[in-house]
Protein chains: 2
Amino acid sequence: MLDPLSTTFSALADPTRRAILARLTVGEASVTELARPFDMSLPSICKHLKVLEAAGLIARRRDGQWRPRRLEMAPLHQVADWVQYYRQFWEHDFDRPHELPALNQGQGKYRHKQVHK
Amino acid sequence: MLDPLSTTFSALADPTRRAILARLTVGEASVTELARPFDMSLPSICKHLKVLEAAGLIARRRDGQWRPRRLEMAPLHQVADWVQYYRQFWEHDFDRPHELPALNQGQGKYRHKQVHK
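Predicted model, so just to flag it, every value in this text is computed and none were measured. (Residues numbered from 1 in each chain as written. Chains lettered and ligands numbered in written order. Predicted model: local features only at pLDDT ≥ 70, side-chain atom pairs only at ≥ 80, totals over all residues. Heavy atoms only, no water.)

A.B. asks: Explain the overall build of chain A to me, please; I cannot follow it from the model alone.
C.D. replies: The number of helices and strands found in chain A is 5 helices and 2 strands. Taken from the N to the C terminus, the helices and strands of chain A come in the order α-α-α-α-β-β-α. Residues counted as buried form 47% of the 117 residues belonging to chain A. Pairs at least 24 residues apart make up 44% of the contacts formed inside chain A by residues separated by at least 6 positions. Total accessible area on chain A stands at roughly 6,300 Å², and carbon and sulfur atoms take up 51% of it. (Helix = DSSP H or I, 4+ residues; strand = E, 2+ residues; numbered from the N terminus. Buried < 20%, exposed > 50% of the residue type's maximum accessible area, 1.4 Å probe, protein only. Contact = heavy atoms within 4.5 Å. Areas by Shrake-Rupley, 256 points an atom, 1.4 Å probe, with all protein chains shown as cover.)

Take a look at the structure:
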């Protein structure tokens, strides 16, 4: 079983699933509505929705016959938090990343990486 | 064949591979050095390194007998750019994205979302 962040990354590793998430930013939608822009069968779309739901990236609610899916932000927030750590390396051009707190896992014998833009 | 962003997400969907990337922020390292913190055989580590290399997340250079791996930022930059779009939704505390202005869930065409910062 994958850890939550791995599950999220795995779910995001597909352009159709990412397009579904983008579509859901404009509002919740039924499976039929979600399938419409794609040249794909309903079962195929449902398979993608299952992956997204298992990753907690979408949720569904019941509204009579309508079971709209909506976007869930929490896993995307975690992705943003994860990548945020790396942002500093391209934004600040650190010459001495080994001086970052809690990063030195060895005995200081690793050479520095010089990060240049 | 996966698109570049899918390849990146797929490569990131593993805690060992993410730990290797974190390790490489403190400087380039040999396979042996990269394997050290993990209870894992060298061939297993090499498999992970291959996935990271195929995704462009690491690169290697030749330095005599030493072939250190270093972190490559470009794919992580793309991940940050991708997730940046979603950031606005949790930063503005949109609980109900379907209530965003100018949203239409109905008639087959999806209107553009109005994004306000």
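A.B. asks: Is there a simple way to explain the nonpolar core in this structure?
C.D. replies: As a rule of thumb, nonpolar side chains are buried together in soluble globular proteins. Ranked by internal contacts, the top residues of the largest apolar core, which has 57 residues, are Leu21, Leu76 and Trp82 of chain A together with Leu21, Leu76 and Trp82 of chain B. If sequence neighbours within four positions are ignored, Leu21 of chain A has contacts with Leu12, Leu52, Leu57, Ile58 and Leu71 of chain A together with Trp82 and Tyr86 of chain B. (Core = buried A, V, L, I, M, F, W, Y, C linked by side-chain atoms within 4.5 Å.)

A.B. asks: Whenever I open this one, helix α2 (residues 15-24) of chain A confuses me. Can you help?
C.D. replies: Note that an α-helix has 3.6 residues per turn; residues three or four places apart therefore point the same way. Residues and elements named next belong to chain A. Of all 10 residues in α2, 7 are buried, a share of seventy percent or more. Taken as a whole, α2 has its buried residues at Thr16, Arg17, Arg18, Ile20, Leu21, Arg23 and Leu24. Two or three places before Thr16, at the start of α2, stands the capping residue Asp14, its side-chain oxygen 2.8 Å from that residue's backbone nitrogen. (Polar contact = N/O pair within 3.5 Å; in protein donor to acceptor, adjacent residues only side chain to side chain.)

A.B. asks: Can you help me understand the pattern of salt bridges in this one?
C.D. replies: Any two side chains of opposite charge can pair, so long as their charged atoms come close to each other. Enumeration according to the criterion identifies 11 salt bridges over all chains in this entry. Ionic pairing is found between Arg18 of chain B and Asp3 of chain A, a salt bridge with its closest N-O pair at 2.7 Å. Placement of Arg18 of chain B in helix α2 (residues 15-24) and of Asp3 of chain A in the segment before α1 (4-12) is noted, with the two residues assigned to different chains. The exposure class assigned to Arg18 of chain B is buried, which follows from its relative accessible area of 9%. Measuring nitrogen to oxygen at the nearest pair gives 3.5 Å for the salt bridge that ties Arg61 of chain B to Asp63 of chain B. Classification of Asp63 of chain B as partly exposed rests on a relative accessible area of 30%. One salt-bridge network, held together by shared partners, links Glu28, Arg61 and Asp63 of chain A. (Salt bridge = Lys/Arg side-chain N within 4 Å of Asp/Glu carboxyl O.)

A.B. asks: Hey, could you run me through the packing of aromatic side chains in this one?
C.D. replies: What describes a pair of aromatic rings is the distance from one ring centre to the other and the angle between the planes of the rings. Per the stated rule, a full pass over the model turns up 10 aromatic pairs over all chains. An angle of 85 degrees between the planes, with centres 5.0 Å apart, marks the rings of Tyr85 of chain B and Tyr86 of chain B as edge-to-face. Tyr85 of chain B gets classed as partly exposed once you look at its relative accessible area, which sits at 32%. On the accessibility criterion, Tyr86 of chain B (2% relative accessible area) is buried. Among the aromatic side chains, those forming a connected cluster through ring pairs are Phe9, Trp82, Tyr85, Tyr86 and Phe89 of chain A together with Phe9, Trp82, Tyr85, Tyr86 and Phe89 of chain B. (Phe/Tyr/Trp six-rings, centres within 6.5 Å; stacked < 30°, edge-to-face > 60°.)

A.B. asks: Would you mind showing me how to read the side chain of Arg87 of chain B here?
C.D. replies: Mapping Arg87 of chain B onto the fold places it in helix α5 (residues 74-91). Look at Arg87 of chain B and you get buried, because its relative accessible area is 17%. When residues no more than four places from it in sequence are discounted, the contact partners of Arg87 of chain B are Ala80 and Gln84 of chain A.

A.B. asks: Would you explain the packing of α1 of chain A against helix α5 (residues 74-91) of chain A in this entry?
C.D. replies: Between two packed helices, what matters for the description is the angle formed by their axes and the separation of those axes. All names here are of chain A. The interhelical angle for the contact between α1 and α5, taken along N-to-C directions, is 100 degrees, at an axis separation of 10 Å. The angle between α1 and α5 places the two elements in the roughly perpendicular class. Packed against α1, whose contacting residues are Leu5, Thr8, Phe9 and Leu12, the element α5 presents Pro75, Leu76, Gln78, Val79 and Trp82 at the interface. For the contact of α1 with α5, the per-class residue count stands at 7 nonpolar, 2 polar and no charged. (Axes fitted to C-alpha atoms, helices over the stretch in contact; angles between N-to-C directions. Parallel < 35°, antiparallel > 145°, perpendicular 65-115°, else oblique. Nonpolar A, V, L, I, M, F, W, Y, C, P; charged D, E, K, R; others polar.)

A.B. asks: Would you mind going over the confidence of the model for chain A with me for this structure?
C.D. replies: Residues and elements named next belong to chain A. Per-residue pLDDT for chain A has a mean of 82; in total, 78% of the residues score no lower than 70. Mean pLDDT values over the elements of chain A span from 92, in helix α3 (residues 31-35), up to 98, in α1. Of the regions scoring below 50 in pLDDT, residues 95-117 engages in 51 contacts with residues more than four places distant in sequence or in other chains. Scoring of the predicted complex yields 0.78 for pTM and 0.78 for ipTM. (pLDDT = per-residue confidence, 0-100.)

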